[in-house]
Amino acid sequence: MRRLIGLAAAGFLALPLSGSLFGTASASPPHGSDRAANAPVGSGPPYPGEVVPIVPGPVRPGGDRPPNRVRTFLLTFARGESPTPVLRHVLLMCDPPQGTHSDPVAACGALVAAKGDPGALTPLSGVVCTTRYDPVTVTATGTWDGRFVRFVKTYGNDCSLYAATGAVFSFGERSKS
């Protein structure tokens, strides 16, 4: 390390004192010349000390606007009453629907209807599940329209999970419950 610092210091000391880091000296205007008369405005860099007028231009909006909302969740699925160990996880982005989720359009549609709250998802009608207890735990962590969301819930079995959440957590392992 000392050797590297010594080499760097020797390199800086070897630079000419009158030039810049690249060995070029700054140019000054030739005596007796009138730059404004000989060159069009904006044709090159100004000479040192030369006054350059700044004229404000119109402000135009840029072509690409950033998204006005962020709707992204990391969804996890685990067997048992604990959110760990995670058996599966997916990324769900909802503006536009995309990510590693198997059906991002349906999952985002359900979350939009629930205003980004996985606990407020509308249960599916007509789904009948057994009462066999084989718990599964799911989590949803992310951001919905500027609000941080952390959802953790254990369901009696994966059929009751599907009945309560529909497509949102349908990426997990489903068994016949």
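Note that this is a predicted model, so its numbers are computed, not measured. (Residues numbered from 1 in each chain as written. Predicted model: local features only at pLDDT ≥ 70, side-chain atom pairs only at ≥ 80, totals over all residues. Heavy atoms only, no water.)

**Some thoughts on the nonpolar core**
Ranked by size, the top nonpolar core spans 22 residues in total, and within it Leu-75 and Phe-169 carry the most contacts. At the level of secondary structure, the elements contributing two or more residues to this core comprise strand S1 (71–79), strand S2 (88–94), helix H3 (104–113), strand S4 (136–144) and strand S5 (147–155). By residue number, the principal contributor to this core is S4, which donates 4 residues. Apart from the residues within four sequence positions on either side, Phe-169 is in contact with Leu-75, Thr-76, Val-138, Thr-139, Ala-140, Phe-151 and Leu-161. (Core = buried A, V, L, I, M, F, W, Y, C linked by side-chain atoms within 4.5 Å. Buried < 20%, exposed > 50% of the residue type's maximum accessible area, 1.4 Å probe, protein only. Helix = DSSP H or I, 4+ residues; strand = E, 2+ residues; numbered from the N terminus. Contact = heavy atoms within 4.5 Å.)

**Focus: the pattern of salt bridges**
Evaluated as defined, the whole model comprises 4 salt bridges. Asp-134 serves as the salt-bridge partner of Arg-79, at 3.8 Å between the closest nitrogen and oxygen. Highlighted residues: Arg-79 in strand S1 and Asp-134 in the loop between H3 and S4, separated in sequence by 55 residues. According to the relative accessible area criterion, Asp-134 is partly exposed, its value standing at 24%. For Asp-158, the salt bridge identified is with Arg-79, shortest N-O distance 3.6 Å. Of the two residues, Asp-158 sits in helix H4 (residues 158–165) while Arg-79 sits in strand S1, which places them 79 residues apart along the sequence. Exposure remark for Arg-79: the relative accessible area of 28% places this residue in the partly exposed category. Within this structure, Arg-79, Arg-132, Asp-134 and Asp-158 form a network of salt bridges that share partners. (Salt bridge = Lys/Arg side-chain N within 4 Å of Asp/Glu carboxyl O.)

**Brief notes about the state of the cysteines**
As enumerated under the stated definition, the model contains 2 disulfides in all. Disulfide pairing places Cys-94 opposite Cys-108 at an S-S distance of 2.1 Å. Between Cys-94 and Cys-108, the S-S dihedral sits near -85 degrees, and the bridge is therefore left-handed. Taken together, the residues Cys-94 in strand S2 and Cys-108 in helix H3 connect sequence positions 14 residues apart. Take Cys-94: its relative accessible area is 6%, and that puts it in the buried class. Between Cys-129 and Cys-159 runs a disulfide, and the two sulfur atoms are separated by 1.9 Å. Residues Cys-129 and Cys-159 are joined through a disulfide that is left-handed, its torsion about the S-S bond being -75 degrees. Of this pair, Cys-129 sits in the loop between H3 and S4 while Cys-159 sits in helix H4, placing them 30 residues apart in sequence. By relative accessible area, Cys-129 is classed as partly exposed at 23%. (Disulfide = S-S within 2.5 Å.)

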